[in-house]
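What follows is the residue order along each chain.
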Amino acid sequence: MTSEKIPRYRVDGIISLEVIKELGLFPPEERLKKGPVVLIECPEKIPCNICVSACPFGAISMDSIIDIPKVDWDKCTGCATCVALCPGLAIFVVDLSKEDKAYITVPHEFIPAPDVGEEVILLNKEGKRVGKGKVVRVFERNKTYVVTVEVPRELVFEVRAIWVERRK
Ligand code: SF4
Ligand code: SF4
(Lines give C-alpha, C1' and ligand atoms only; values in the text may rest on other atoms or scores of the structure.)
(Ligands and ions follow the chains in the order given, each with its own letter.)
Protein backbone atom coordinates (compact mmCIF):
# COMPACT_ATOMS: atom_id res chain seq x y z
CA MET A 1 0.00 0.00 0.00
CA THR A 2 1.33 3.46 -0.88
CA SER A 3 1.31 6.27 1.65
CA GLU A 4 -1.09 8.25 -0.62
CA LYS A 5 -3.84 5.73 0.13
CA ILE A 6 -3.59 6.11 3.88
CA PRO A 7 -6.02 8.76 5.17
CA ARG A 8 -4.25 11.66 6.82
CA TYR A 9 -6.07 11.11 10.10
CA ARG A 10 -4.41 7.70 10.41
CA VAL A 11 -1.01 9.31 10.08
CA ASP A 12 -1.28 12.38 12.29
CA GLY A 13 -4.75 12.23 13.82
CA ILE A 14 -5.95 15.30 11.93
CA ILE A 15 -9.34 14.83 10.28
CA SER A 16 -10.32 17.21 7.49
CA LEU A 17 -13.72 18.79 6.98
CA GLU A 18 -13.94 16.92 3.67
CA VAL A 19 -13.73 13.58 5.48
CA ILE A 20 -16.32 14.71 8.03
CA LYS A 21 -18.65 15.66 5.18
CA GLU A 22 -18.06 12.35 3.38
CA LEU A 23 -19.05 10.53 6.56
CA GLY A 24 -22.29 12.53 6.79
CA LEU A 25 -21.20 14.08 10.07
CA PHE A 26 -21.19 17.72 8.94
CA PRO A 27 -24.40 19.54 9.98
CA PRO A 28 -26.63 20.73 7.11
CA GLU A 29 -26.44 24.48 6.39
CA GLU A 30 -30.06 25.01 7.44
CA ARG A 31 -29.44 23.29 10.78
CA LEU A 32 -26.31 25.35 11.39
CA LYS A 33 -28.38 28.52 11.10
CA LYS A 34 -30.82 27.40 13.79
CA GLY A 35 -28.46 27.17 16.75
CA PRO A 36 -25.80 25.03 18.43
CA VAL A 37 -25.37 21.58 16.94
CA VAL A 38 -23.05 18.66 17.41
CA LEU A 39 -20.00 18.05 15.19
CA ILE A 40 -18.60 14.53 15.58
CA GLU A 41 -15.12 13.85 14.24
CA CYS A 42 -14.99 10.09 14.64
CA PRO A 43 -14.00 8.49 11.31
CA GLU A 44 -12.95 5.01 12.46
CA LYS A 45 -15.19 2.01 13.08
CA ILE A 46 -13.95 1.42 16.60
CA PRO A 47 -15.81 -0.60 19.25
CA CYS A 48 -17.30 2.40 21.04
CA ASN A 49 -20.81 3.76 21.27
CA ILE A 50 -20.71 5.86 24.43
CA CYS A 51 -22.02 8.88 22.53
CA VAL A 52 -25.22 6.98 21.68
CA SER A 53 -26.18 6.45 25.32
CA ALA A 54 -24.69 9.80 26.38
CA CYS A 55 -27.16 11.87 24.38
CA PRO A 56 -30.25 12.63 26.48
CA PHE A 57 -32.23 13.42 23.32
CA GLY A 58 -31.53 10.27 21.31
CA ALA A 59 -29.84 12.28 18.58
CA ILE A 60 -26.93 9.88 18.03
CA SER A 61 -27.34 6.33 16.76
CA MET A 62 -25.28 3.47 15.37
CA ASP A 63 -26.27 0.32 13.51
CA SER A 64 -23.78 -1.66 15.59
CA ILE A 65 -21.14 -0.92 18.22
CA ILE A 66 -18.50 -1.04 15.47
CA ASP A 67 -19.80 1.73 13.27
CA ILE A 68 -19.62 5.45 12.57
CA PRO A 69 -22.06 7.54 14.64
CA LYS A 70 -25.09 8.98 12.87
CA VAL A 71 -26.78 12.21 13.94
CA ASP A 72 -30.45 13.14 13.78
CA TRP A 73 -29.89 16.86 13.32
CA ASP A 74 -33.43 17.80 14.36
CA LYS A 75 -33.09 16.00 17.70
CA CYS A 76 -29.76 17.57 18.63
CA THR A 77 -30.15 20.56 20.95
CA GLY A 78 -26.45 21.36 21.15
CA CYS A 79 -26.43 20.61 24.89
CA ALA A 80 -22.82 19.29 24.72
CA THR A 81 -23.38 16.37 27.10
CA CYS A 82 -21.74 14.08 24.53
CA VAL A 83 -18.71 16.40 24.36
CA ALA A 84 -17.96 15.61 28.00
CA LEU A 85 -18.48 11.86 27.72
CA CYS A 86 -16.69 10.95 24.48
CA PRO A 87 -13.46 9.17 25.51
CA GLY A 88 -11.84 10.11 22.22
CA LEU A 89 -12.41 13.86 22.71
CA ALA A 90 -13.88 13.67 19.22
CA ILE A 91 -17.09 15.63 19.72
CA PHE A 92 -17.62 19.37 19.49
CA VAL A 93 -20.59 21.73 19.27
CA VAL A 94 -20.67 24.59 16.80
CA ASP A 95 -23.00 27.57 16.83
CA LEU A 96 -23.23 29.77 13.75
CA SER A 97 -26.72 31.07 14.41
CA LYS A 98 -25.61 34.65 15.20
CA GLU A 99 -24.63 36.85 12.28
CA ASP A 100 -21.61 38.50 13.84
CA LYS A 101 -20.36 35.83 16.25
CA ALA A 102 -19.60 32.13 16.33
CA TYR A 103 -19.15 29.68 19.15
CA ILE A 104 -17.28 26.41 19.48
CA THR A 105 -17.63 24.04 22.41
CA VAL A 106 -14.62 21.83 23.14
CA PRO A 107 -13.58 19.25 25.75
CA HIS A 108 -10.82 20.51 28.04
CA GLU A 109 -8.91 17.94 30.12
CA PHE A 110 -6.35 20.29 31.58
CA ILE A 111 -6.16 22.50 34.62
CA PRO A 112 -6.77 25.26 35.23
CA ALA A 113 -10.24 25.38 33.79
CA PRO A 114 -11.01 28.80 32.38
CA ASP A 115 -13.52 31.15 33.94
CA VAL A 116 -16.51 32.57 32.10
CA GLY A 117 -15.46 35.87 30.56
CA GLU A 118 -11.77 34.92 30.44
CA GLU A 119 -9.76 35.32 27.26
CA VAL A 120 -8.07 32.08 26.15
CA ILE A 121 -5.72 31.01 23.39
CA LEU A 122 -7.39 29.19 20.49
CA LEU A 123 -5.61 26.11 19.14
CA ASN A 124 -6.23 24.37 15.83
CA LYS A 125 -6.18 20.63 15.08
CA GLU A 126 -2.40 20.70 14.96
CA GLY A 127 -2.18 22.39 18.35
CA LYS A 128 -1.05 25.67 16.78
CA ARG A 129 -2.21 29.01 18.12
CA VAL A 130 -4.69 30.62 15.74
CA GLY A 131 -6.12 33.44 17.82
CA LYS A 132 -7.90 34.38 21.02
CA GLY A 133 -11.47 33.83 22.15
CA LYS A 134 -13.72 34.65 25.09
CA VAL A 135 -15.13 31.90 27.29
CA VAL A 136 -18.93 32.09 27.60
CA ARG A 137 -19.77 28.79 29.31
CA VAL A 138 -17.97 26.13 31.36
CA PHE A 139 -19.30 22.95 32.91
CA GLU A 140 -17.68 19.80 34.26
CA ARG A 141 -18.90 16.26 33.74
CA ASN A 142 -17.08 13.00 34.19
CA LYS A 143 -13.90 14.91 35.16
CA THR A 144 -13.90 16.67 31.80
CA TYR A 145 -14.45 20.38 31.45
CA VAL A 146 -16.62 21.46 28.56
CA VAL A 147 -15.84 24.99 27.43
CA THR A 148 -17.78 27.17 25.00
CA VAL A 149 -15.76 29.96 23.44
CA GLU A 150 -16.77 32.91 21.30
CA VAL A 151 -14.48 32.87 18.26
CA PRO A 152 -14.18 34.71 14.94
CA ARG A 153 -16.61 33.08 12.47
CA GLU A 154 -13.84 32.11 10.09
CA LEU A 155 -12.19 30.02 12.82
CA VAL A 156 -15.16 28.02 14.04
CA PHE A 157 -14.24 24.91 12.03
CA GLU A 158 -10.56 25.31 12.77
CA VAL A 159 -10.46 25.72 16.56
CA ARG A 160 -10.44 22.39 18.38
CA ALA A 161 -8.89 23.21 21.76
CA ILE A 162 -8.10 26.09 24.09
CA TRP A 163 -5.13 27.03 26.20
CA VAL A 164 -5.54 28.92 29.45
CA GLU A 165 -2.63 31.29 29.86
CA ARG A 166 -2.38 33.00 33.22
CA ARG A 167 0.42 35.17 34.48
CA LYS A 168 1.62 34.38 38.03
S1 SF4 B 1 -25.01 18.01 21.73
FE2 SF4 B 1 -26.53 17.18 23.22
S3 SF4 B 1 -28.34 16.80 21.97
FE4 SF4 B 1 -26.63 17.05 20.52
S5 SF4 B 1 -25.90 14.96 20.14
FE6 SF4 B 1 -24.67 15.79 21.84
S7 SF4 B 1 -25.74 15.13 23.71
FE8 SF4 B 1 -27.17 14.89 21.99
S1 SF4 C 1 -18.07 8.21 22.04
FE2 SF4 C 1 -16.58 9.38 20.82
S3 SF4 C 1 -15.01 7.88 20.23
FE4 SF4 C 1 -16.82 6.71 20.90
S5 SF4 C 1 -17.97 6.34 18.98
FE6 SF4 C 1 -18.80 8.22 19.91
S7 SF4 C 1 -17.67 9.88 18.91
FE8 SF4 C 1 -16.50 7.98 18.56
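Up top is the structure these notes are about.
All of these numbers come straight from a predicted model, not from anything done at the bench.

Undergrad: Just checking my understanding: could you explain the overall build of the protein for this structure?
TA: On a plain count of helices and strands, the protein comes out with 5 helices and 9 strands. In the protein, the order of α-helices and β-strands from amino to carboxyl end is α-α-α-β-α-β-β-α-β-β-β-β-β-β. For the protein, the C-alpha radius of gyration of 16 Å lies close to 15 Å, the compact-globule estimate for 168 residues. Principal-axis analysis of the C-alpha atoms places the extent of the protein at approximately 50 × 40 × 35 Å. Across the 168 residues that make up the protein, the buried fraction comes to 45%. Split by element, the accessible area of the protein, about 9,600 Å² in all, is 52% carbon and sulfur. Treating the 25 positive side-chain charges of the protein as one cloud and the 25 negative ones as another, the clouds have centres 3 Å apart.

Undergrad: Any chance you could explain the packing of aromatic side chains here in plain terms?
TA: The way to describe two aromatic rings as a pair is by their centre distance and the angle between their planes. Taken as a whole, this structure holds 2 aromatic pairs when the rule is applied. A centroid spacing of 5.1 Å and a plane angle of 45° characterise the contact between Phe26 and Phe157, whose relative ring orientation is tilted. Of this pair, Phe26 sits in the loop between helix H2 (17-22) and helix H3 (29-34) while Phe157 sits in the loop between strand E8 (144-151) and strand E9 (161-163), placing them 131 residues apart in sequence. On the basis of relative accessibility, which here comes to 15%, the residue Phe26 falls in the buried class. In this structure, Lys21 packs its charged tip against the face of Phe26, placed 4.8 Å from the ring centre. Here Arg160 stacks its cationic end above the ring of Phe92, 4.9 Å away from the centre of that ring.

Undergrad: Sorry, what's going on with the site of ligand 2 here?
TA: Within the structure, ligand 2 sits among Ile40, Cys42, Ile46, Cys48, Ile50, Cys51, Met62, Cys86, Pro87 and Ile91. In the shell around ligand 2, the residues fall into 10 nonpolar, no polar and no charged.

Undergrad: What exactly am I supposed to notice about the environment of Lys75 here?
TA: Mapped onto the secondary structure, Lys75 falls in the loop between strand E3 (70-71) and helix H5 (81-85). For Lys75, a relative accessible area of 43% gives the class partly exposed.

What counts, and at which threshold
Residues numbered from 1 in each chain as written. Chains lettered and ligands numbered in written order. Predicted model: local features only at pLDDT ≥ 70, side-chain atom pairs only at ≥ 80, totals over all residues. Heavy atoms only, no water. Helix = DSSP H or I, 4+ residues; strand = E, 2+ residues; numbered from the N terminus. Rg over C-alpha atoms; globule rule 2.2 N^0.38 Å. Buried < 20%, exposed > 50% of the residue type's maximum accessible area, 1.4 Å probe, protein only. Areas by Shrake-Rupley, 256 points an atom, 1.4 Å probe, with all protein chains shown as cover. Lys, Arg positive; Asp, Glu negative; His and termini not counted. Charge placed at Lys NZ, Arg CZ, Asp CG, Glu CD. Phe/Tyr/Trp six-rings, centres within 6.5 Å; stacked < 30°, edge-to-face > 60°. Lys NZ or Arg CZ within 6 Å of the ring centre and 35° of its normal. Near = heavy atom within 4 Å. Nonpolar A, V, L, I, M, F, W, Y, C, P; charged D, E, K, R; others polar.

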